[in-house]
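Structural description and commentary
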Amino acid sequence: MNTHVKNAIIAHALSAPTEEVCGLVYYTESETVAHPCANVTRDEGGRSAAFEIDPQDYITARGLGVVCGIYHSHSRGGAHGFSEGDLELAAVMDLPMYLYVVDTGAWLS
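What you are looking at is a predicted structure, and each value in this text was computed from that prediction instead of being measured.

About the thresholds
Residues numbered from 1 in each chain as written. Predicted model: local features only at pLDDT ≥ 70, side-chain atom pairs only at ≥ 80, totals over all residues. Heavy atoms only, no water. Helix = DSSP H or I, 4+ residues; strand = E, 2+ residues; numbered from the N terminus. Rg over C-alpha atoms; globule rule 2.2 N^0.38 Å. Buried < 20%, exposed > 50% of the residue type's maximum accessible area, 1.4 Å probe, protein only. Pairing = 2+ DSSP bridges. Axes fitted to C-alpha atoms, helices over the stretch in contact; angles between N-to-C directions. Contact = heavy atoms within 4.5 Å. Core = buried A, V, L, I, M, F, W, Y, C linked by side-chain atoms within 4.5 Å. Phe/Tyr/Trp six-rings, centres within 6.5 Å; stacked < 30°, edge-to-face > 60°.

1. Observations concerning the overall build of the protein chain
Along the protein chain, the regular secondary structure elements total 3 helices and 5 strands. Going residue by residue from the N terminus, the α and β elements of the protein chain occur as α-β-β-α-β-α-β-β. Scaling as 2.2 N^0.38, a compact globule of 109 residues should have a C-alpha radius of gyration of about 13 Å, and the protein chain matches this with 13 Å. Summarising its shape, the C-alpha atoms of the protein chain cover approximately 40 × 25 × 25 Å along the three principal directions. Scored against the burial criterion, the 109 residues of the protein chain give a buried share of 39%.

Below you can see the structure in the form of structure tokens.
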């Protein structure tokens, strides 16, 4: 993943540091893009503890390019690594998962 995409994901995470932000990474013939998505989680802990990508955002990203990854952040005070649910989602979608941890500035993939 290139620096431009990583920086876009980090900026997205820092724009809402108390929530898990999420999005998709897609590519076209000329660029790779971090595509922010709405977090529509229905999880009991809310957006500060979980994420779910809005299905319409997935459809939009697929129309713009080839989806090649999923990203999200862990909010301030959140976990510092991938959850079991994160890993399951990546396996089901057969896409790499990228994670930015707001507390530590760690980047995991």
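2. Examining the sheet that holds strand S2 (residues 32–37)
Judged by pairing direction, the sheet is mixed, and its 5 strands sit side by side in the order S2-S1-S3-S4-S5 without closing on themselves. The sheet is open, and its two edges are formed by S2 and strand S5 (106–108), each paired on a single side. Along the sheet, successive strands turn relative to each other by an average axial angle of 25°, direction set aside. Packing against the sheet, helix H1 (residues 3–15) makes contact with strand S1 (22–27), S2, strand S3 (66–74), strand S4 (97–101) and S5, and its axis sits at approximately 15° to S2.

3. Brief notes about the nonpolar core
In terms of nonpolar packing, the biggest core is built from 13 residues, with Leu24, Phe51, Ile53, Val67 and Ile70 touching the most fellow members. Counting only elements with at least two residues in this core, the list comes to S1, S2 and S3. Ranked by residue count, the leading element in this core is S1, at 3 residues. Every residue in contact with valine 67, bar those within four places of it in the chain, is listed here: Leu24, Val25, Tyr26, Tyr58, Ala61, Arg62 and Leu95. Counting 6 residues, the second-largest nonpolar core is a separate cluster that includes Val5, Ile9, Val25 and Ala34.

4. Structural notes on the packing of aromatic side chains
Using the criterion set out here, one finds 2 aromatic pairs in the structure. Ring geometry for tyrosine 98 versus tryptophan 107: centroids 6.4 Å apart, planes at 15°, classification stacked. Judged by its relative accessible area of 21%, tryptophan 107 falls in the partly exposed class. Ring centres of tyrosine 100 and tryptophan 107 lie 6.5 Å apart, and the angle between their planes is 45°; on these two criteria the pair is classed as tilted.

5. Let's talk about the environment of valine 33
Topologically, valine 33 is positioned in strand S2. For valine 33, a relative accessible area of 17% puts it in the buried group. Between the C-alpha atoms of valine 33 and serine 48, which are 15 residues apart in sequence, the distance is 25 Å. In this structure, valine 33 is in contact with Val5, Leu24, Val25 and Tyr26, ignoring residues within four places of it in sequence.

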